[in-house]
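Working through the structure, step by step
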Amino acid sequence: MQYKSEQIEDKKPVDTKVYLERAERYCAGAEHCAVEVAQLLERLGATDVQIDDVIGILQKQQYLDEQRYCRAFVHDKVAFQAWGRMKIIMGLRTKHLPEQEIQQALDDMDETVYASNIRKAIQSKRGQDKQKIIRFMLQRGYTFDDLRRYANLDAEEE
């Protein structure tokens, strides 16, 4: 019976080209960031040096672009999942993306869709206590400023 450590030693080392091809297919299917590609390659068994090489090549070939990824992430989370600004920021920070890119993507966000999401979410909770609505909206990632600006909802009123 072989143990996992023995099985790993028996495997042939995989060429970086194989990992690059796999990562190219992964990036061609959807927008991804370097952290996601690194996680994929790690699962496939690539070494740290191979991961760095593949990510560098993908960036040169423009498969990976942090600014493009941030804009796509913000757009998708606002348009399809109705996330608030704070939840989006935290989601992008977990991907270790630069603050400047995150802020630029948020500045480019469609404010009309964002405001509409706030109003729809509050409307769905119609009839509930104002404090419950505020807690719900904060969990979705909206700020007090967003609630005041787009929904005329203040925590102090009541």
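In short, a report on the structure. (Residues numbered from 1 in each chain as written. Predicted model: local features only at pLDDT ≥ 70, side-chain atom pairs only at ≥ 80, totals over all residues. Heavy atoms only, no water.)

The subject of this paragraph is the overall build of the protein. Check the secondary structure of the protein and you find 10 helices and 0 strands. Counted from the first residue to the last, the protein has its helices and strands arranged as α-α-α-α-α-α-α-α-α-α. Looking at the protein as a whole, 36% of its 158 residues are labelled buried. If you take every contact in the protein between residues at least 6 apart in sequence, the share linking residues at least 24 apart comes to 64%. Entry remark: accessible area of the protein is about 10300 Å², with carbon and sulfur atoms responsible for 49%. (Helix = DSSP H or I, 4+ residues; strand = E, 2+ residues; numbered from the N terminus. Buried < 20%, exposed > 50% of the residue type's maximum accessible area, 1.4 Å probe, protein only. Contact = heavy atoms within 4.5 Å. Areas by Shrake-Rupley, 256 points an atom, 1.4 Å probe, with all protein chains shown as cover.)

Tallying each qualifying case throughout the model produces 4 aromatic pairs. Measuring from ring centre to ring centre gives 6.1 Å for Phe 73 and Trp 83, while their planes differ by 75 degrees; the resulting arrangement is edge-to-face. Remark: Trp 83 occurs in the loop between α5 (66-81) and α6 (85-93) and Phe 73 occurs in helix α5; sequence separation between them is 10 residues. The class for Phe 73 is buried, based on a relative accessible area of 10%. For the ring pair Tyr 114 and Tyr 150, a centre distance of 6.0 Å and an interplane angle of 75 degrees mean the geometry is edge-to-face. Remark: Tyr 150 occurs in helix α10 (residues 144-151) and Tyr 114 occurs in helix α8 (residues 111-124); sequence separation between them is 36 residues. For the pair formed by Tyr 114 and Tyr 150, the shared burial category is buried. Aromatic rings pair up to connect Tyr 69, Phe 73 and Trp 83 into one cluster. The ring centre of Trp 83 lies 4.6 Å from the NZ or CZ of Lys 77, which sits over that ring. Here Lys 125 stacks its cationic end above the ring of Phe 136, 4.4 Å away from the centre of that ring. (Phe/Tyr/Trp six-rings, centres within 6.5 Å; stacked < 30°, edge-to-face > 60°. Lys NZ or Arg CZ within 6 Å of the ring centre and 35° of its normal.)

Another aspect to go through is the packing of α5 against α6. Two numbers describe how α5 lies on α6: the axes approach to 10 Å, and their chain directions differ by 140 degrees. In terms of their interaxial angle, α5 and α6 are classed as oblique. As for how α5 packs across α6, the hand of that crossing is right-handed. Listed contacts from α6 to Tyr 69, Cys 70, Phe 73, Val 74, Lys 77 and Val 78 of α5 are Ile 88, Gly 91 and Leu 92. (Axes fitted to C-alpha atoms, helices over the stretch in contact; angles between N-to-C directions. Parallel < 35°, antiparallel > 145°, perpendicular 65-115°, else oblique. Left-handed = near helix turned anticlockwise from the far one by under 90°.)

What follows deals with the packing of helix α2 (residues 16-29) against helix α3 (residues 34-44). Where α2 meets α3, the closest approach of the two axes is 11 Å, and the angle between their N-to-C directions is 135 degrees. Judged by the inter-axis angle, α2 sits oblique to α3. Seen along the crossing, α2 lies across α3 with a hand that is right-handed. Of α3, the residues touching α2 (which contributes Tyr 19, Arg 22, Ala 23, Tyr 26 and Cys 27) are Glu 36, Val 37, Leu 40, Leu 41 and Leu 44. When grouped by side-chain class, the residues that make up the contact of α2 with α3 number 8 nonpolar, no polar and 2 charged. (Nonpolar A, V, L, I, M, F, W, Y, C, P; charged D, E, K, R; others polar.)

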